[in-house]
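What follows is the residue order along each chain.
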Amino acid sequence: MKLSRLPAVLTVLFVYIGLFLIFLSGSHFSVYHGPMAKQGVIDLNRWNFERSGTVQLNGKWGFYPNQLLSPNAIRAGAGKNEQLVTVPDNGQSVDNRKMYDMKAGTYRLLIRSARDQESFGLQTSVIYSANRIFINGELVGSSGIPSMDGDKLASLRPSVSYFSIHRGINELIIQVSHSEGNSGWGIAKPITFGTQQQISRNHDLTLFNDLFMIVSFFIMGLYFLGYFIQCRKDLHLLFFSIICLIFSMIISWLGTARIIYLIFPDFSFSGMTILESVTSVTACAAVLLYLLFVYPELASKKIVYGGIALSLVTLITDFIPFVLLTSIDLVLHLFLAVSALAYTSYIFVLAIIKKVEGSIYLTIGTLSISIFVIITAVSAFSAKVLAPVYSISSILFLLMLSLMMSQRSSNAFKRSESLAEELVRNDRQKDEFIARTSHEFRTPLNGIINIAQTILAGKKERSISDERDNLYLITRIGYRLSALVNDVLDMEKIKQGKLTVTPVPLDVYTVVNTELAYYRLLADKKDLDVINHIPEGLPLVFADENRFRQIINNLVDNAIKYTQKGQITFSAKLLDRYIEIMVTDTGSGIPASDQESIFQAFERRDELNQSEGAGLGLSIVKQLVELQRGKIWVQSETGLGSIFHFTVPLFDESKVLATGSSVRIPSSFPAPELMEEQTAAALATPYRSRTVDAPTILVVDDNLDNLKILIDMLEGIPYNVIAVKSGREALDEVSHSQLDLVILDLMMPGMSGYEVCGKIREQYSLTDLPVLMLTAAIINDDKHFAFRAGANDILEKPYNFSELSARIRGLILMKKAASQAANMEVAFLQSQIRPHFLYNVLNSIIALSYDDIEQSREMTAQFAAYLRGSFDFQNTSAISSFGRELSLVKSYLAIEKMRFQERIQVVYDIEEGLDFPLPPLMIQPLVENAVLHGIGKRKSGGRVTLAAHREHNFYLISVSDNGIGMSGDQVGELLAGKNGRSVGLKNINSRLKHFYGTELQIESTEGTGTTFSMRVPAE
């Protein structure tokens, strides 16, 4: 649950921030392109109303503060201290404190028009808190009664006025006054000016929009209220209906048309304030309660109850008669509304992540409510009129939520229908079960009665031994009845969750063989063979002995029941951590359509043996298998028989209970007290164990306790152990130590196991240095990324000693096999004397024997030395020496020198007395490549130079020629092994990486020559 809450919080946060920035920037950067008032005058002489539409009277108006002036008073010059103010200006903004402190004022705007004696209209939206509108000295509209002593009648009712204008200057005067306790002041939203038809159409559209929203929410509220009356247990229906009904009321006073004033024209300002406060607070509380009852597993009771408490606090502050609380009250209302709707979005996103029913509707609804919240918040502090997106978003939210609840109701109805059908089916099956069970009891009981009566009615005196068969039959019938009673009791325990198991180590072969001894007697009567093919040497399983025998008994009894001829076979195979047991019969088989239902209670196939069985056996088997952490399934074809498979977990002999991800310690390890003392001590890294004749393993784990346990494990096998606690230390050891295996913890601070493994793979291949990763929990992604990073294997903690040691041994054997294969490859390549080379050398020896017997003997001696070096079995070992390699090179070059005479020039630049360990056949293939493919392709021949020197901590070896050279592409192909002659060079490069962490360097220029060089670290 907690893992899914963070994505939900982030989603809501990003969506709200994104939408808020979008609408805020849209509000801020949206520019009105119509005429603007300047210096209290707006020029409409050139404005074409029919083509360009209405005009917003925005801009700089004249304003007389704290004066309510009539048109005549202004013309008479009674106005004082006239100022220019921006209209509209939302008085709720923080920057408008001076206007907020004024009690009244008069706005004045001169409208220049070329129209004469035409009907125009004026539409207001929000003017605080009472106003009167004059055009050319005539009162054309009002809302409340403005007064210097406080509003006689404050009202926020928008007005629509119609009047005639004349050519030239038309004077517009608006008197306003401020009502105490109101957070707004003056003309807060634009005033629209246009022809009578345009204003009338705008007014009708505004009325339709608000009425449509009010009616939609109201009807939906009544619908769900009626739904709740019929389904009183679903309280979320009640709160949803309350939300809809309250929203219809909120829209009546929040909408542009303020429909409430059409219903109640004289609705007082104080009544409006109370209505706004109560409806907004109640809506927030209803939303929170709706979430709590519709998603009880997702919504937090603390948050819901906290939100309700905040709602009550907000409602109380609304009725405290302090002017200073007005702005605080506004902030509380805004915070409450945004918080409630944001939490609603969060719960919906969480429900989408949880994939609850109706996720598509919730997705659209969440986006809609987010848009509604952001537009409402931006509009509260903006003087501009935003596009009526909030109408569409609120209706869409209502529709999506209604569809979601309808889907829930529909699904609930379908589930009810399904449950009703299942109840009817179960009732019918129980009736059949009672009838079958009665028959199962009656027939055996009649048999017992008949046998007893026969014994009693016998006229001859018979001993117990004479009646042994009858007594055995009575006993067997009694056991059969007892088994039937036990099945019924077990089924009831399973339903109540009271059936328990006590697992112990069991030998599968012994248990099955014991149980089959009885069933072979039953099978013989039907000419069936019961065969036990389970191997005797299988590991022990961890299962409840009685329940395991019950599983075997029910399966073999079922097989005998439905098999008329043939055989019943038990077999088993060892899986990773389980043993899979198969029961195969040659019976009638099971149709594919029935293979799932046969494991349900009271199910029975009626084609055969209609008088046998109560239909509980396979259902109990399935429950018992799953109760012991196993699985059961069936494979069957009609007429060919069936195979029932089930798995049982293996018994882990080395298992010791451990906490967390610590290693399961085998019993051969030191006592726990001693182990605690050892692990308590600080472990200095890098740790190196005492050197033994064994492979070397690097262990990397940031947990020193785990590191100590692994060290003790590996040293006890034994292995050479190097232990470090960080990825940096591990890479340092990899570059400086000869390692056979790396055991790497997956999760470490700094560099993770993935990163360390990736760095290792840049230097070593999978076979050069295997990596075994350890992790506390394996999931699919862990495996995928571990193998992609270059791990050879991955093992989950806690692990047992035998499994860990087996995996280590397997990886080290793989490395040794790969290393031996590489050495054998070099030896094989070297030992393959080319027939052409052999033929030419022998011919040269024969020719020289006629002309120069001494040189012939010299060539023969060199050829023998070369063959001896080529066939030397030491070439299959890992390390030889530089001296042996140099001897082989000299023999080869001496032969080629005697064959080609002056065409080959050889230069040795070897440091005197130089000798050091070196893998075999690291230089000779390079020299041979220089002779054959470098200078050998030039008619005049060339020079081959072999140089070897010690430089600081390295031995530098180079083979140079002045032959034909190679291009850059040819050099790349040579190291990649893309042509036949580069196999030896590729092998040299891979062994350099493996042994020394260096690479074969090739420098070549076409027509100039080639130089091969390598660096070998000095010990």
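Residues numbered from 1 in each chain as written. Predicted model: local features only at pLDDT ≥ 70, side-chain atom pairs only at ≥ 80, totals over all residues. Heavy atoms only, no water.

As annotated in an unreviewed UniProt entry, the protein carries the name histidine kinase and is attributed to Sporolactobacillus shoreae. Listed in UniProt under the heading Subcellular location (unreviewed entry), the comment for the protein reads: "Cell membrane". (UniProt positions renumbered as here; feature names shortened; annotations may be inferred.)

Here we come to the packing of helix 5 (residues 196-230) against helix 6 (residues 235-254). Taken N-terminus to C-terminus, the directions of helix 5 and helix 6 make an angle of 160°; their axes are 8 Å apart at the nearest point. The orientation of helix 5 relative to helix 6 falls into the category roughly antiparallel. As for the relative orientation of helix 5 and helix 6, their crossing is left-handed in sense. For the pair helix 5 and helix 6, contact is made by Asp-210, Met-213, Ile-214, Phe-217, Phe-218, Met-220, Gly-221, Leu-222, Phe-224, Leu-225, Tyr-227 and Phe-228 and by Leu-235, Leu-237, Leu-238, Phe-240, Ser-241, Cys-244, Leu-245, Phe-247, Ser-248, Ile-251 and Ser-252, respectively. (Axes fitted to C-alpha atoms, helices over the stretch in contact; angles between N-to-C directions. Helix = DSSP H or I, 4+ residues; strand = E, 2+ residues; numbered from the N terminus. Parallel < 35°, antiparallel > 145°, perpendicular 65-115°, else oblique. Left-handed = near helix turned anticlockwise from the far one by under 90°. Contact = heavy atoms within 4.5 Å.)

This paragraph deals with the pattern of salt bridges. Under the defined criterion, the tally for this structure stands at 11 salt bridges. Of the charged contacts in the structure, one is a salt bridge between Lys-573 and Glu-580, with a shortest N-O distance of 3.9 Å. Judged by its relative accessible area of 7%, Glu-580 is buried. Here Asp-793 makes a salt bridge to Arg-807, at a shortest N to O gap of 3.1 Å. Of this pair, Asp-793 sits in strand 26 (residues 793-796) while Arg-807 sits in helix 22 (residues 801-831), and the two are 14 residues apart along the sequence. (Salt bridge = Lys/Arg side-chain N within 4 Å of Asp/Glu carboxyl O. Buried < 20%, exposed > 50% of the residue type's maximum accessible area, 1.4 Å probe, protein only.)

With that settled, the discussion passes to the sheet that holds strand 6 (residues 118-123). A sheet is described by the order of its strands in space; here 4 strands give the open sequence 2-13-6-10, paired in antiparallel fashion. Two strands in the sheet have a free side with no partner beyond their single neighbour: strand 2 (55-56) and strand 10 (160-165). (Pairing = 2+ DSSP bridges.)

What follows is about the packing of aromatic side chains. Aromatic ring pairs are defined here through the distance separating the ring centres and the angle between the ring planes. With the rule as written, the count across this model stands at 21 aromatic pairs. With a centroid separation of 6.1 Å and an interplanar angle of 85°, the aromatic rings of Trp-61 and Tyr-107 are classed as edge-to-face. Here the residue Trp-61 occupies a position in strand 3 (residues 59-65), and Tyr-107 occupies one in strand 5 (residues 104-113), the gap between them amounting to 46 residues. Residue Tyr-107 is classed as buried on the basis of its relative accessible area of 3%. (Phe/Tyr/Trp six-rings, centres within 6.5 Å; stacked < 30°, edge-to-face > 60°.)

Summarising the element assignment, Thr-195 is placed in strand 13 (residues 192-195). Residue Thr-195 is classed as buried on the basis of its relative accessible area, which comes to 8%. Those residues in contact with Thr-195 that lie beyond four places of it in its chain are Phe-49, Glu-50, Ser-119, Phe-120 and Gly-121.

A sheet is described by the order of its strands in space; here 5 strands give the open sequence 28-30-31-33-32, paired in mixed fashion. The sheet terminates laterally at strand 28 (904-910) and strand 32 (1001-1005), the two strands that pair on one side only. Across the sheet, the mean angle from the axis of one strand to that of its neighbour is 10°, orientation sign disregarded. Sitting on the sheet, helix 25 (residues 882-900) touches strand 28, strand 30 (942-951) and strand 31 (954-961), and the angle it makes with strand 28 is about 160°. Each of strand 28, strand 30, strand 31 and strand 33 (1009-1017) touches helix 26 (residues 924-935); the most contacted strand, strand 31, lies at about 20° to it.

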